[in-house]
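Close look at the chain arrangement
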Amino acid sequence: MALKKSDLYNSLWSSADELRGSMDASQYKDYVLTLLFVKYVSDKAKAERDPMTLVPDDASFDHLVTLKGKPDVGEKVNIAIRKLAEANDLQGVINNADFDDPAKLGSGRELQDKVSNLIGIFQDMDFTGSKAEGDDLLGDAYEYLMRHFATQSGKSKGQFYTPAEVSRVLAQLLQIPAGTPKSATVYDPTCGSGSLLIKVADAAPNGLSIYGQENDNATWALARMNMILHGYETHDIRQGNTLADPKFRDGQKLDTFDYLVANPPFSVKTWTNGFDHTFGRFDGFGTPPEKNGDYAFLLHMVKSLRSTGKGVVVLPHGVLFRGNAEATIRTELIKRGLIKAIIGLPANLFYGTGIPACLIVLDKENAQARTGIFMIDASKGFEKDGPKNRLRPRDMHKIVDAFVNQKDIARYSRMVPLSEISDPRNDYNLNIPRYIDSSEPEDIQDLRAHLQGGIPNRDLDALQPYWDAFPNLRADLFKPLREGYSELVVGKADIQQAIMSSKEYVAFAQDNADTVAEWWRDHRKRLADITSTTRPVDLIDEISEALLEAFRSRPLIDEYGVYEQLMSYWNATMHDDVTMIVGEGWEAAAKPRPARSWKDKKNKIKYEDAHLVFGTGAKAKRWVMDLIPPEYVIARFFPEEKARLDELIAGQEAASQAVEEYVEEHAVEDGLLADAVVNDKVSKTTAAARLKDAKRKGADAEEIKALQHVIKLFAAETKAKSAVKDATLKLHEKAFAQYSELSVDEIQTLVTDDKWRAAIDARVAAEVTGLGQALIARLRVLACRYESTVSELEADIDGLNAKLFRHLAAMGVEE
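Residues numbered from 1 in each chain as written. Predicted model: local features only at pLDDT ≥ 70, side-chain atom pairs only at ≥ 80, totals over all residues. Heavy atoms only, no water.

**Things to note about the nonpolar core**
Under the convention used in this document: Here, nonpolar core means buried Ala, Val, Leu, Ile, Met, Phe, Trp, Tyr and Cys residues that are tied together by side-chain atoms lying within 4.5 Å of each other. For every residue, the accessible area (1.4 Å probe, protein chains only) is compared with the maximum for its type, and the residue is labelled buried under 20%, exposed over 50%, or partly exposed between those bounds. Numbered from the N terminus, helices here are DSSP runs of H or I no shorter than four residues, and strands are runs of E no shorter than two. We call two residues contacting when some pair of their heavy atoms lies within 4.5 Å.
By size, the foremost hydrophobic cluster in this structure holds 86 residues, and its most contacted members are Phe-37, Leu-64, Val-77, Ile-94, Ile-343, Leu-359 and Ile-376. Top element by residues in this core is helix H2 (residues 25-47). It accounts for nine residues. Those residues in contact with Phe-37, other than ones at most four positions away along the chain, are Leu-84, Leu-90, Ile-94, Met-225, Ile-228 and Leu-229. Counting 73 residues, the second largest nonpolar core, distinct from the first, contains Phe-478, Trp-519, Ile-543 and Val-562.

**Comments concerning empty space enclosed by the protein**
The method is simple in principle: a probe with the dimensions of a water molecule rolls over the atoms, and the space it marks as empty is what remains. Selection rule: Only protein atoms enter the 1 Å grid used here, on which a cavity is any set of points holding a 1.4 Å probe that cannot leave and a pocket is any open set flanked by protein within 12 Å on both sides along at least five of seven lines; residues with an atom within 4 Å of a point are listed as lining. Grid points are joined across faces, edges and corners, and a volume is the space filled by probe spheres set on the points.
Within this structure, the stated rule accounts for two cavities of 30 Å³ or more. What the largest cavity holds in volume is close to 50 Å³. Counting only elements with at least two residues in the lining of the largest cavity, the list comes to helix H11 (294-303) and helix H12 (325-335). Around the second largest cavity, the lining residues are Asp-30, Thr-34, Val-93, Asn-96, Ala-97, Ala-218, Ala-221, Leu-222 and Met-225.

**Here we look at helix H10 (residues 217-229)**
For the record, the criterion: Multiplying one less than the number of residues by 1.5 Å gives the expected span of a helix. Each polar contact in these results corresponds to two N or O atoms within 3.5 Å; when the atoms are within protein, one needs to be able to donate a hydrogen and the other to accept it, and residues that are neighboring in sequence are counted only if both atoms are side-chain atoms.
In a regular helix each residue adds 1.5 Å, so 13 residues correspond to 18 Å; H10 covers 19 Å between its end C-alpha atoms and thus fits that length. The buried fraction of H10 amounts to 11 of the 13 residues, a majority that puts the element mostly inside the structure. For H10, the side-chain oxygen to backbone nitrogen distance between the N-cap and Ala-218 is 3.2 Å, and the N-cap itself is Asp-216.

**Regarding the packing of helix H24 (residues 630-637) against helix H28 (residues 744-785)**
Definition in use: What counts as an axis is a line fitted to C-alpha atoms, over the stretch in contact for a helix, and the angles between N-to-C directions run from 0 to 180 degrees. With respect to orientation, any angle under 35 degrees is reported as roughly parallel, any angle over 145 as roughly antiparallel, any angle of 65 to 115 as roughly perpendicular, and every other angle as oblique. Polar here means any residue outside two lists: the nonpolar Ala, Val, Leu, Ile, Met, Phe, Trp, Tyr, Cys and Pro, and the charged Asp, Glu, Lys and Arg; Gly therefore counts as polar.
One can describe the packing of H24 onto H28 by two numbers: an axis separation of 11 Å at closest approach and a directional angle of 105°. Taken together, the axes of H24 and H28 lie roughly perpendicular to each other. Two secondary-structure elements touch here, H24 through Tyr-632, Val-633, Arg-636 and Phe-637 and H28 through Glu-746, Thr-749, Leu-750, Asp-754 and Lys-755. Partitioned by chemical class, the residues of the contact of H24 with H28 number four nonpolar, one polar and four charged.

**Focus on the pattern of salt bridges**
Filter applied, for reference: The term salt bridge refers to a pairing of a side-chain nitrogen on Lys or Arg with a carboxyl oxygen on Asp or Glu at a separation within 4 Å.
Taken as a whole and judged by the stated rule, the model has 54 salt bridges. Measuring nitrogen to oxygen at the nearest pair gives 2.7 Å for the salt bridge that ties Arg-552 to Asp-401. Highlighted residues: Arg-552 in helix H21 (residues 536-552) and Asp-401 in helix H13 (residues 393-404), separated in sequence by 151 residues. For Glu-420, the salt bridge goes to Arg-414, with nearest N and O atoms at 2.8 Å. Using a relative accessible area of 26% as the deciding quantity, one classes Glu-420 as partly exposed. Assessed through its relative accessible area of 21%, Arg-414 is described here as partly exposed. Here the salt bridges share partners, and the residues they tie into one network are Asp-675, Arg-690, Asp-693, Arg-696, Lys-697 and Glu-703.

**Points about the packing of aromatic side chains**
Note the cut-off: Think of it this way: a Phe, Tyr or Trp ring, Trp meaning its six-membered ring, pairs with another when their centres are within 6.5 Å, and the plane angle makes it stacked under 30 degrees, edge-to-face over 60, tilted otherwise.
Scanning the model with the defined rule gives 15 aromatic pairs in all. Aromatic pair Tyr-211 and Phe-248: ring centres 5.7 Å apart, planes at 90°, arrangement edge-to-face. Of this pair, Tyr-211 sits in strand S2 (residues 209-214) while Phe-248 sits in the loop between strand S3 (236-239) and strand S4 (249-250), and the two are 37 residues apart along the sequence. Overall, the relative accessible area of 24% leaves Tyr-211 in the partly exposed class.

**Some remarks on the side chain of Glu-326**
Summarising the element assignment, Glu-326 is placed in helix H12. Owing to a relative accessible area of 3%, Glu-326 belongs among the buried residues under this scheme. Apart from residues no more than four positions distant in its own chain, Glu-326 is found in contact with Pro-289, Asn-292 and Tyr-295.

**A closer look at the sheet that holds strand S15 (residues 478-482)**
The test is simple: Here, any two strands with at least 2 DSSP bridges between them count as paired.
Judged by pairing direction, the sheet is antiparallel, and its three strands sit side by side in the order S14-S16-S15 without closing on themselves. A single partner strand is all that each edge strand has here, and the edge strands are strand S14 (455-456) and S15. As defined by bridge partners, S15 adjoins strand S16 (residues 485-488) across four bridges and the pair is classed as antiparallel. Considered in S16, the bridge of Phe-478 is made with Leu-488.

**Let's talk about the environment of Lys-388**
Mapped onto the elements, Lys-388 comes out in strand S12 (residues 388-390). Residue class for Lys-388 comes out buried when judged on its relative accessible area of 11%. The residues contacting Lys-388, other than those within four sequence positions of it, are Asn-348, Leu-349, Phe-350, Tyr-351, Thr-353 and Glu-383. One polar contact links Lys-388 to Asn-348, side chain to side chain, over a distance of 2.7 Å. Separated by 2.6 Å, the side chain of Lys-388 and the backbone oxygen of Phe-350 make a polar contact.

**A closer look at unusual backbone geometry**
Its identity as a non-glycine residue notwithstanding, Asn-366 has a phi of 55°, on the positive side. Positive phi, close to 70°, is recorded for Leu-556, a residue that is not glycine. Locating Leu-556 in the fold gives a position in the loop between H21 and helix H22 (559-584). Using a relative accessible area of 22% as the deciding quantity, one classes Leu-556 as partly exposed.

**Topic: the confidence of the model for the protein**
Inclusion rule: Predictor confidence is given residue by residue as pLDDT, running from a minimum of 0 to a maximum of 100.
Per-residue pLDDT for the protein has a mean of 90; in total, 93% of the residues score no lower than 70. Below pLDDT 50 for its whole length, residues 131-136 participates in 19 contacts with residues either more than four positions away or in separate chains.

**Some words on the packing of helix H20 (residues 503-528) against H21**
So the rule is basically this: Left-handed is the label given to a crossing in which the near helix is rotated counterclockwise from the far helix by less than a right angle, and right-handed is the label when the rotation is clockwise.
In contact at an axis separation of 10 Å, H20 and H21 are set at 155° when each is read in the N-to-C sense. In terms of orientation, H20 and H21 fall into the roughly antiparallel class. Between H20 and H21 lies a crossing of right-handed hand. For the pair formed by H20 and H21, the contact residues are Asn-512, Thr-515, Val-516, Trp-519, His-523, Arg-526 and Leu-527 on the first element and Leu-539, Glu-542, Ile-543, Ala-546, Leu-547, Ala-550 and Phe-551 on the second. Residue composition of the contact of H20 with H21, grouped by class: nine nonpolar, three polar and two charged.

**Overview of the sheet that holds strand S17 (residues 593-594)**
Here three strands make up an open sheet; going across it, the order is S17-S21-S20 and the pairing antiparallel. With partners counted over all chains shown, the strands left at the sheet margins are S17 and strand S20 (612-614), one partner each. As paired strands, S20 and strand S21 (residues 621-624) are joined by three bridges and run antiparallel to one another. Residue pairing in the sheet places Leu-612 in a bridge with Trp-623 of S21. Relative to the sheet, helix H27 (residues 701-739) contacts S20 and S21, its axis offset from that of S20 by approximately 115°.

**Focus on the environment of Met-625**
Topologically, Met-625 is positioned in the loop between S21 and H24. Those residues in contact with Met-625 that sit more than four places away from it in its chain are Pro-592, His-611, Leu-612, Pro-630, Phe-736 and Tyr-739.

Written as structure tokens, this is what we have:
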């Protein structure tokens, strides 16, 4: 069975759970990632004739499995991993975790169980078909772990990871041409776990030659493992302090590279410790301030770029506007034309700090001819993700689109001429708000409208994109009142109906649905033709770009919103589906499989959620349909049975409601069913017992009649539930049998049309509905705001005062 992204994530995080509490997250990542590495290279060695990583038999993951449960399992695991490291010159890279450390793993049986359980979690994973390229399953899983480790580690230990979304943006901003050879170089002088370098190499059609340096030894080891896990075995990652001891140099000259990316530690106060002035990194710029290393790193990067080199660097916003020595350096960088673009990011994206950062795009090619700096304020485009913020697919795409196409977007992006930056009023200050006002227009209260009534035309004019999309709607909703003001011609409560039922809105919604339908017709065959050679990352890139392009020319609707809807569905569901089809083929991926089971820490058997369950208890047959859940098979092949079941369910609900209403009415104090209440409720059993007792004691006839009636209601409910249960079982049995009868064409129809397209249609329709709701909400605000004039409100107040005084007078209270 192909490994789903969600299942892999859960398994990897379960391995971390085994260690949680006994050590800091920055330590248990070493154990989890080491086992991930051993499992991955072992599976690849079995699948490939000439694997890049040599795996001795007594250092393979299969060998680790034979050690489970043994008293000396920790010691033997250490020996095996050390042999793997020695065979591949990876000492100090993959053997940093001590699996026989009682201080971290406990002693005796506790350590034995913990290490054995860790091996068991990885045992069922199969990476033989994984290449960890681009958006690959293993690469995503590694990033998932790094993100969680960074979150758990806290601020001081989150520097080893750059969020994947930021890494992808940086890679695309470099705009690496399609014909770039693999020999072209990319360099990161503060590479952390290597995620930036990998994203850039993945973005290059032919790959790139990777070079990096990392000061922290443990993080350097992570980067080495990361490179191998992603298939970049020929990387050159070196350990050491880039400012004090740059490793890539030729005598007194720094090596230079074609591309550069970096997310250096922000505002380092000790950057001068051991700093080597030999390499002339500050020549012509000036020396950065002693207590802030931001420009020291930036100037090292400028020096490390070839004459046509391009780079993107993450730095704190302060580099854009701080004065003194930094202002001098910044001015010189601008005058030389080395800065091509500046992009302001949202706050709280990074794990090492909560402050907002910016991206500085460096470009030495034709630098002297540069006449402006392209600026983007992307600070408002993000989603909350626990304690941090994250860029959404729409935010990432909008940044890259704006930069690549140099788009002038109101309150978002523009090309700022150097003449404006050098103007004495700005004096080479690059603080983005000086040049882009990203604030939303103020919602102004109109005093004349409050005094004389009407809705200001200024507020209606601000909704012009809606009136462009619905040319007659404004006239249908408003009529002129006086110069500069209009009057709503429908009731405030009727605004929604008037908009949603208008011919123009209905046509707008249909046109958008037709656009999706046309896009789908153009790409359905591409989806139906998924085979074992399909790369999921290429597939989603192709179809998502086409959808984005299809909506660019559509009025009103935000093409990035539509793109986000597709990408959200891809991340939540479609990626797993495509991965299964690639790994197993359409027929195998569609087959039901038994639900997985495991024993929890209390030795109790647990089962994963099943789509269909036949029987009860331990003997029940539990089935999971990963690719095609049963509701899709039922809807297509058994619509009449489903309709009948829906009728029975409705009948059951009605029967249950009849019981509930009757009991609620009569099971009260002194009620006809009061004596049938046991433990605050009436049941069929308690009602029958009370009826028997009531007849024996000659109780009131009305009570007996009520008891007989409620027993009939309970019987009707039981019968209805039984009918639903029987019909459900029969329908589920038919659906389950249908899976073995499905042809490939039927499977493809169920997946592509019934599942994928239906979900995407619904999501885009929700985007359209959201636009209508936003207009409705705004018009309601304006209608309520100017519903009554000041004089009308004063009259209402006077009337209420008079009414109050009349009531007081009636009660004998005098003013």
